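For reference, the chains in residue letters:
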Amino acid sequence: MATHSYTAQDLETYLQFAIRLAKMAGPVIREGFNSRFTPERSALLIKKGNSADLVTEWDQKVEKMVRAEIDEHMKGHSFIGEESVAAGEHGALTDAPTWIVDPIDGTCNFVHGFPYVAISIGLTINQEPVVGVIYNPILDQLFTAAKGKGAFLSTINQDPRSEGRRLPLSHPHPPAPLPSLSMALVAGEYGSDRKAEIIDPKVKSMRNLSARDPLPEPSARKVGHAHGIRCLGSAALNMMCVAQGQFDVYWEIGCWEWDVCAGIIITREAGGIVVDGCGDKVNDAQLLTGRRFLVVRACSGNDGSILPEDVAAAQKNIVDEVWSVVENLRLKRE
Ligand code: IPD
Ligand code: CA
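Residues numbered from 1 in each chain as written. Chains lettered and ligands numbered in written order. Predicted model: local features only at pLDDT ≥ 70, side-chain atom pairs only at ≥ 80, totals over all residues. Heavy atoms only, no water.

Observations concerning the sheet that holds strand S12 (residues 249–253)
Right, so step 1: If you walk across this open sheet you meet the 5 strands as S11-S10-S12-S14-S13, and the pairing is mixed. Two strands close off the open sheet at either side, each with one partner strand: strand S11 (228–230) and strand S13 (273–276). On average, adjacent strands in this sheet sit at an angle of 20° to one another, irrespective of strand direction.
Right, so step 2: Pairing between strand S10 (residues 185–188) and S11: 3 bridges, direction parallel. Paired with Val-186 across the two strands is Ile-229, which belongs to S11.
Right, so step 3: Along the sheet, helix H5 (residues 196–210) makes contact with S10, S11 and S12, crossing S12 at roughly 160°.
Right, so step 4: Here helix H9 (residues 308–325) sits on the sheet in contact with S12, S13 and strand S14 (292–296), set at roughly 140° to S14. (Pairing = 2+ DSSP bridges. Helix = DSSP H or I, 4+ residues; strand = E, 2+ residues; numbered from the N terminus. Axes fitted to C-alpha atoms, helices over the stretch in contact; angles between N-to-C directions. Contact = heavy atoms within 4.5 Å.)

Printed below as a string of structure tokens:
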């Protein structure tokens, strides 16, 4: 039972607040990104759990700054942030309005100077994502959405009276329904946990998403023979490529609620769907914390040319096809 009520005006206030946070964080992230050219570069990296799980002093600085603003201006709201959880906070998801933040998604890109880096700011109420802001300050791309109000791409310097470009980018025309995985551009990631028991089934899944021929028995699963596989190195920005209609599908096992919370509401408002990565039927709370995600792009506009039931059926076909080719991998929440 939903315990927290809110109005459309509340959502607008939260959205504008999240945009303000992204605007504050942008220059700080950019400064850190550019500091790789300075002699202090070697001080940039702080190792987390393993050599592929990276965090820098900039991740921590940005999260501290954002959290201080939330604590000051959003009294009674909860906070779950990647670095706070890494530092030992419990980060339990409840019905209370909860800001779920990744200060820098794409930290590995950040360290290497690959410009797919973003702050991801999501808000859940009753454990449902209702506001999302994802900002890539290197490319100056601001993705925003609030439940029921559509998703938009703009830039920080844009005229504040304009909402930006409505997503997907083909708007107002619907992107054509995707007939099968064999016509799809798919995003997937290796993730940061490279233990054999985790990476091997992921690689097998990516292989099957893209392969023409199934593996020999007994491990045979179906194959997708997708047009291509891409890894941007940022879950949030992979999702934004789906929201824009540039990627058709994104599949990942292993990321966390802060990687996807904002992305879920932006993708949904852009007409896409986000479901469990391997075939479970889940509610939003289970989806957020389940660490397995499958995202499928929109195939509807608001011109009414495709019936909602046909849209849902086309998206469901793709979901079923992905579930039939990927391994059923379940990861723990430590
Ligand atoms: C990671 C990125 C990466 C994904 C990992 C995430 P981080 O987040 O989104 O693309 O594969 O699962 O943990 O560590 O850069 O914030
Ligand atoms: Ca991060």
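Some thoughts on the packing of aromatic side chains
Right, so step 1: Scanning all chains against the criterion turns up 5 aromatic pairs.
Right, so step 2: With a centroid separation of 5.5 Å and 10° between ring planes, the pair formed by Trp-256 and Trp-258 is classed as stacked.
Right, so step 3: Of the aromatic side chains, those joined through ring pairs into one cluster are Tyr-14, Phe-17 and Trp-99.
Right, so step 4: The ring of Phe-33 carries the charged tip of Arg-36 above its face, separated from the ring centre by 4.3 Å.
Right, so step 5: Arg-291 extends its terminal NZ or CZ atom over the ring of Trp-256, reaching a point 3.6 Å from the ring centre. (Phe/Tyr/Trp six-rings, centres within 6.5 Å; stacked < 30°, edge-to-face > 60°. Lys NZ or Arg CZ within 6 Å of the ring centre and 35° of its normal.)

Here's the deal with the coordination of the calcium ion (ligand 2)
Each pair of donors in an ideal four-coordinate tetrahedral metal site encloses 109.5 degrees, whereas pairs in an ideal six-coordinate octahedral site enclose 90 or 180 degrees.
Right, so step 1: The calcium ion (ligand 2) binds to the protein through Glu-82 (OE), Asp-102 (OD), Asp-102 (OD) and Ile-104 (O); the donor distances cover 2.1 to 3.0 Å.
Right, so step 2: Considered as a linear motif, the donors of the calcium ion (ligand 2) on their single chain read E-x19-D-x1-I. By the burial criterion, Asp-102 is buried, and Ile-104 matches it. (Donors = N, O, S within 2.8 Å, 3.2 Å for Na, K, Ca; no water. Buried < 20%, exposed > 50% of the residue type's maximum accessible area, 1.4 Å probe, protein only.)

Topic: the pairing of S10
Right, so step 1: Judged from the 3 bridges that link them, S10 and S12 form a sheet pairing that is parallel. Paired with Gly-188 across the bridge in S12 is Trp-251.

As for the pattern of salt bridges
Right, so step 1: Throughout the structure, instances matching the rule amount to 15 salt bridges.
Right, so step 2: Arg-292 is the salt-bridge partner of Asp-280, the closest N and O atoms lying 3.3 Å from each other. Note that Asp-280 is positioned in the loop between S13 and helix H8 (284–289) and Arg-292 in strand S14, a separation of 12 residues in sequence.
Right, so step 3: Among the residues examined, Arg-292 registers a relative accessible area of 2% and is labelled buried.
Right, so step 4: The residue Asp-280 makes a salt bridge to Arg-330 at a minimum N-O spacing of 3.0 Å. Of this pair, Asp-280 sits in the loop between S13 and H8 while Arg-330 sits in the segment after H9; the two residues are 50 residues apart in sequence, bridging distant segments of the chain.
Right, so step 5: Classification of Arg-330 by relative accessible area gives exposed; the value is 54%. (Salt bridge = Lys/Arg side-chain N within 4 Å of Asp/Glu carboxyl O.)

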